[in-house]
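# Chains, contacts and geometry: an overview
One-letter residues, chain by chain:
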Amino acid sequence: MIMTRVRAYAAQLGLLAALVALAAFLSTGPGRLANGTTDEGLRSDIGALLSSSRDLTFSLDGNRLPGVDLLRDDRSVRLDQIRDGLPGPLPGLIEDSWFVAEAGPVDAAVAGVFLKSCPTRVGVRRQTGSDQATRMVEGRRPKSENVSSSSKMVMEAIVGTTEAKALGLRVGDTITLIGRSGKAAVRVVGRYEPVDAAAPFWDDMRLAREACDRADEDTRYRATLLTDMVGVDLAGALTGEYEERWRYRLDAAKLTADQVPAMTLAIGEIRRHPPEQTSVRSAVDATLAEFEKRLRAVQAVLAVVRTGILATVAGLILLAARLAADRRRAEYALIRARGGAVHRIAGRVIAETAVVVLPAALLGWLAGLLVPGRPAVEEPALVAGFALLGLLAPAIVAAAGARRPDFTGHRGDLVAGTTSPRRTTSPRRITSPRRITAELFVIGLAAGGAYLLRSRGIGSGASSRSGTSGAGGGVGVDPYLIAVPVLLAVAASLIALRLVPFPLRVASRIASRGRGALAFLGLAGAGRSGNGSAALRSWPLSVLVVAIATGIFTGTVASTVGNGRDRATDVAIPADAMVTGFSFAVETPERIAALDGVTAAVPMLLASAAEVRSDASPLISQVQAMVVDASAPQFRVPGRELPDALRGATNSDVVPVIASPRLAQRIGSSGQVDIQGRRYAFRVAAVRDTAPGLGTGVREFLVLPSQAMPIPDFQPLVPNRILIDGTGWDPDAVRAVADEGQRAQTRKATGADVDPTAVGGTGLAYPATVTTHAGYRASLDERGVDGVLSFTFTAGVVATAALALLAVALIVLAGAPARGQTLSRLRTLGLSTGQGRGLLVFELVPLLGVAILAGAATGAALPALIAPALGLDDFTAGVPADISTDPFLVAGVVAVTVLAVIAALVVEDVANRRLRLGTVLRLGEDQP
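A count of helices and strands for the protein chain gives 29 helices and 20 strands. Across the 928 residues in the protein chain, those meeting the buried criterion constitute 51%. As displayed, the protein chain has an accessible area near 40,100 Å², and 58% of this comes from carbon and sulfur atoms.

In this section: the pattern of salt bridges. For the structure on display, the rule yields 47 salt bridges. The residue Glu-244 makes a salt bridge to Arg-75 at a minimum N-O spacing of 3.2 Å. A residue pair is termed long-range when its members are at least 10 positions apart, and Glu-244 in strand E10 (residues 243–250) and Arg-75 in the loop between strand E1 (56–60) and helix H4 (78–84) qualify at 169 residues. Classification of Glu-244 as buried rests on a relative accessible area of 4%. Here Glu-611 makes a salt bridge to Arg-613, at a shortest N to O gap of 3.2 Å.

Okay, the packing of aromatic side chains next. Under the counting rule described, the total for this entry stands at five aromatic pairs. Measuring from centroid to centroid gives 5.6 Å for Tyr-192 and Trp-202, while their planes differ by 15°, and the two rings are stacked. Here the residue Tyr-192 occupies a position in strand E7 (residues 183–194), and Trp-202 occupies one in the loop between E7 and strand E8 (208–211), the gap between them amounting to ten residues. What makes Tyr-192 buried here is its relative accessible area of 2%. Taken together, a centroid distance of 4.8 Å and an interplanar angle of 75° make the contact between Phe-201 and Trp-202 edge-to-face. Of the two residues, Phe-201 and Trp-202, both sit in the buried class. It is Arg-78 that lies over the ring of Trp-246; its NZ or CZ is 5.1 Å from the centre.

Here we come to the nonpolar core. Residues Phe-58, Leu-167, Val-301 and Leu-544 are the most contacted members of the largest nonpolar core, which totals 146 residues. Sorting elements by how many residues they give to this core places helix H9 (residues 284–327) first, with 21 residues. Among all residues touching Val-301, those that are not within four sequence positions of it are Val-557, Leu-789, Thr-792, Phe-793, Leu-870, Leu-872 and Phe-875. Formed by 23 residues, the second largest nonpolar core is a distinct cluster that contains Val-623, Ile-675, Phe-682 and Leu-702.

Looking at the secondary structure, you find Arg-306 in helix H9. Those residues in contact with Arg-306 that lie beyond four places of it in its chain are Leu-26, Ser-27, Gly-31, Glu-378 and Leu-382.

Attention now goes to the pairing of strand E15 (residues 654–659). Judged by how many residues are buried, E15 sits mostly within the fold: five of six residues are covered. Where E15 and strand E17 (residues 678–687) come together, six bridges link them in parallel fashion. Bridge pairing in E17 places Ile-658 opposite Ala-686. Note that E15 and strand E18 (residues 701–705) share two bridges and pair antiparallel. In the sheet register, Ala-659 faces E18, and the bridge partner there is Leu-702.

The next subject is the side chain of Thr-38. Turning to its location among the elements, Thr-38 is positioned in helix H2 (residues 10–47). Filtering out sequence-adjacent residues up to four positions away, Thr-38 remains in contact with Ala-257, Phe-291, Leu-295, Val-785 and Val-788.

Before going further, it helps to examine helix H24 (residues 773–780). For the α-helix, the turn length of 3.6 residues means that residues three or four positions removed from each other point alike. Of the residues making up H24, those classed as buried are His-773, Arg-777 and Leu-780. Take H24 and look down its axis: the buried residues cluster within an arc of 55°, on one side only.

Glancing now at the packing of helix H8 (residues 260–272) against H9. With their axes 10 Å apart at the nearest point, H8 and H9 run at an angle of 145° to one another. In the crossing of H8 with H9, the sense of the turn from one axis to the other is left-handed. The segment H8 lies against H9, with Val-260, Pro-261, Met-263, Thr-264, Ile-267 and Arg-271 engaging Val-284, Asp-285, Leu-288, Phe-291 and Glu-292. Partitioned by chemical class, the residues of the contact of H8 with H9 number seven nonpolar, one polar and three charged.

On to the environment of Phe-793, then. Relative to the elements of secondary structure, Phe-793 occurs in helix H25 (residues 786–827). Accessibility expressed as a relative area gives 11% for Phe-793, which makes it buried. Counting along the chain gives 240 residues from Phe-793 to Phe-553, while the straight-line C-alpha distance between them is 9.5 Å.

For H9, which comprises 44 residues, the first-to-last C-alpha distance of 62 Å matches the rise-based estimate of 64 Å (1.5 Å per residue) to within 8%. Within H9, 36 of the 44 residues are buried, which leaves the element mostly enclosed by the surrounding structure.

This brings us to the pairing of strand E19 (residues 721–726). Summarising burial for E19: six of the six residues are buried, a large majority. When strand E12 (residues 577–580) meets E19, the two strands line up antiparallel, connected through four bridges. For Met-578, the partnering residue across the bridge sits in E19 and is Leu-723. Bridge count for strand E13 (residues 598–614) against E19 is six bridges, and the pairing is antiparallel. By the bridge assignment for E19, Ala-600 is matched with Asp-725.

Attention shifts here to the confidence of the model for the protein chain. Of all residues in the protein chain, 83% have pLDDT values of 70 or greater, and the mean over the chain is 81. For residues 68–72, every residue scores under 50 in pLDDT, and the model assigns this stretch eleven contacts once sequence neighbours within four places are set aside. Low pLDDT (under 50) marks residues 530–536, which in the prediction has 21 contacts with non-local residues, meaning those over four places away or in another chain.

Running from amino to carboxyl end, H9 crosses helix H12 (residues 379–402) at an angle of 30°, the nearest separation of the two axes being 8 Å. The orientation of H9 with respect to H12, classified from their angle, is roughly parallel. When you trace H9 past H12, the crossing you get is right-handed. For the pair H9 and H12, the contacting residues are Arg-306, Leu-310, Ala-314, Ile-317, Leu-318, Ala-321, Arg-322 and Ala-325 in the first and Leu-382, Phe-386, Leu-389, Gly-390, Ala-393, Pro-394, Val-397 and Ala-398 in the second. Residues that form the contact of H9 with H12 fall into these classes: 13 nonpolar, one polar and two charged.

Attention shifts here to a nonpolar patch on the surface. A contiguous nonpolar surface patch, about 590 Å² in accessible area, is contributed by Val-890, Val-894, Val-898, Leu-899, Ile-902, Val-906 and Val-910. With respect to the helices and strands, the residue Val-910 is situated in helix H28 (residues 887–915).

A cis amide bond, omega 5°, links Gly-88 with the succeeding residue Pro-89. Its place among the elements puts Pro-89 in the loop between H4 and strand E2 (94–109). A cis amide bond links Gly-104 with the next residue in sequence, Pro-105, at an omega value of 5°. Position of Pro-105 among the secondary structure elements: in strand E2.

The next subject is the environment of Pro-656. Tracing the sequence through the fold places Pro-656 in strand E15. Of the residues examined, Pro-656 reaches a relative accessible area of 4% and is grouped as buried. Put simply, Pro-656 and Ala-681 are 25 residues apart on the chain and 9.0 Å apart in space, counted from C-alpha to C-alpha. Aside from chain neighbours lying at most four places away, what touches Pro-656 is Ala-645, Leu-646, Ala-649, Arg-683, Ala-685, Val-703 and Pro-705.

Note that Arg-636 resides in the loop between strand E14 (620–628) and helix H20 (644–647). With relative accessibility at 48%, the residue Arg-636 sits in the partly exposed group. Considered as a pair, Arg-636 and Arg-647 are eleven residues apart in the sequence and their alpha carbons are 8.6 Å apart. When near neighbours in sequence (up to four residues on either side) are disregarded, Arg-636 contacts Ser-631, Glu-641 and Arg-647.

So, how was this worked out
- Residues numbered from 1 in each chain as written.
- Predicted model: local features only at pLDDT ≥ 70, side-chain atom pairs only at ≥ 80, totals over all residues.
- Heavy atoms only, no water.
- Helix = DSSP H or I, 4+ residues; strand = E, 2+ residues; numbered from the N terminus.
- Buried < 20%, exposed > 50% of the residue type's maximum accessible area, 1.4 Å probe, protein only.
- Areas by Shrake-Rupley, 256 points an atom, 1.4 Å probe, with all protein chains shown as cover.
- Salt bridge = Lys/Arg side-chain N within 4 Å of Asp/Glu carboxyl O.
- Phe/Tyr/Trp six-rings, centres within 6.5 Å; stacked < 30°, edge-to-face > 60°.
- Lys NZ or Arg CZ within 6 Å of the ring centre and 35° of its normal.
- Core = buried A, V, L, I, M, F, W, Y, C linked by side-chain atoms within 4.5 Å.
- Contact = heavy atoms within 4.5 Å.
- Pairing = 2+ DSSP bridges.
- Arc of directions from axis to C-beta.
- Axes fitted to C-alpha atoms, helices over the stretch in contact; angles between N-to-C directions.
- Left-handed = near helix turned anticlockwise from the far one by under 90°.
- Nonpolar A, V, L, I, M, F, W, Y, C, P; charged D, E, K, R; others polar.
- Expected span 1.5 Å × (residues − 1).
- pLDDT = per-residue confidence, 0-100.
- Parallel < 35°, antiparallel > 145°, perpendicular 65-115°, else oblique.
- Patch = residues over 30% accessible without salt bridge, like charges linked within 9 Å, V, L, I, M, F, W, Y side chains within 5 Å.

Given below as structure tokens:
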């Protein structure tokens, strides 16, 4: 019996099941994908850190020098003790660990070093796991000896192949370490190669170049040799340079975003209470804090979009339940006429609905499980909630309608008047006080929620900025505050649908004076949409408003963030590309400009600690100074402009500059600045928060136009940046020319040649990097959790557009039976099929237009209304997130409106064919 009725009403139940399956999938799949993208962002951020920042390193407190007694106390056994004593979840996240005992690095006398006036820095260390991480290619492993006579102390070490080549070392050579307490001679007894040169074991001991503290040298080597326990103990005792540390590598593959708050608390606990006699060194907690801050903002946007989409789907499920119950209104009335109870009808509907809804919910959930990613904690509750909604909503609607059975199909917006004997009981339009109260309550709820959202943020507790870990990991959220955007959209729809009948009624009266009846009949039907008993027509339109508002909100936020990142890119890279290095020879820009595809190459100097003296006070400040040719074409592009006072400046003893607000407030209107050993007088011509070429993170700066500076020919400014314009140029060729320019500048400054095969194949401590404008802009979309934001924007716009069109289809189906009767009667008066479609246009287009406009206005206003809770500034790389709307978004709204009208006509035509209009008129009842 149940299956017979299910087959009879397969269309209505199939629609309901499809919506439940969609809701179950949307409750599962997108959340998993967002969590997976968030976790990958966290792993990428942690993986990009240097080992000194990423690893948890515990150093022995004090300056304890080793001695003979320490040789019997192997502190490497504390590795497991310290790890097991770490607060959770840290012990389970540790991938590997090492004990390090190191002497140095200190100045060393090494034969064959080309930078003789700036000694190479060498350290010797014992590190657990050395035997497994190295492969001997020459000589043997160290076997240091310690006897009572200091003259017989023998310290042995092995050197890597790369270090041996750079330092000119051979097996049998001796290195003298020069510490603050004395000297230690270390004999090289072997040469090794790493088993895995990229392994984290080598992170803090690779051969490197570092700045030299002597004026006649540029850089020098820093190298590490491996020794045994006796060797490092003796070297530390003799040089007075000794350190012990326990290093723990966090496994990025095990990190998930929901662990971030617990990890931050655990590292904070370690800082307050480190293991005995140790102190912790790590910057991973700062990275986690910054990630959590950005994650909160992402979760806020994601929560708003996801809530809007799920609320739209819930509204569609309710509408489908209402459609299914309305199609069977006569059946339920007949059951009631035969003595059937209301609860029996409800039970009957539940039994029928369960056959299709529960399997649909299960299928939707299983489909969501196929999406890669980490499940959210609220996933089962959401799936169960939508399954219950799809199961119970048809029964509740059917039971409510069966309480007052109806066979006549009269208009719902005309109800009996008062029963007073002094007045007739002619029908009249009324608005239910209950509905008015409910609407006012929703409007008040939305207004109060918007106020709380702006003042408290979207998180649970006092503020979203202090929220605890919640679903998805990263922020606890207040369900009421998350629902505020949906409430605002519903409130906007209620207000719009209350106001729109009045102009429509006026328009229908004007249309009634014309010759045709289509406009009058259509506008009269549309004008009744705001009446109290027309809930079947008004609340489905609220669903459409929510869908449109969510889509416009998503698009507006995407446009706002995109425009902010565009501005940040122009500030950071004010050209097609920027070449960055330590220092370039003066002729390097000309050589780059001569490459194929390069149209312009402008030298630029960034001095990170330029001294600024004020004319108004003896104050001396150190700021970031940028020197560049302000007349270059790069600085005439919109978004990258420099003030006219700098672009048009010519050679002068007093140079016009741009100053940051804080610096201008301190130094006044003029002063002097030291640039590469020369002092230049300046006057403040403009005050700006940012300047193109400096990026958005610099707070105190000066920008000087090089074309106006009295730079002597015998002491030209040496650039460390080069701005490039052009198309089709080869980045590798640019990088090669730039590196050669750096080596040339090193030769000029030091008089020594640079081996281009050393230190990574360039011979440079800081090889040149080429950052394109497009590449930098793309990187802003891929940082950390920003991948979730891009996914949210795309999914939000696509999903809401599809749901909006589906809402239009269901709205048309909701009124199809009543319009079918009207069309049946009008066709007996000569109404054609085309005129019937015109009647539908006159009736639906005003309502759809109002709903789409209300949704668009609400969606566009939402980002500005709740901007403090969204934290959009966290996504725009340091520039203010000014709310902006993409013109293509406006065109999209128009396109959705046109598609909605087309969809309405198609759905109405299909519904009329199924209703068989002649049968409807003849029987006076709705047919499935």
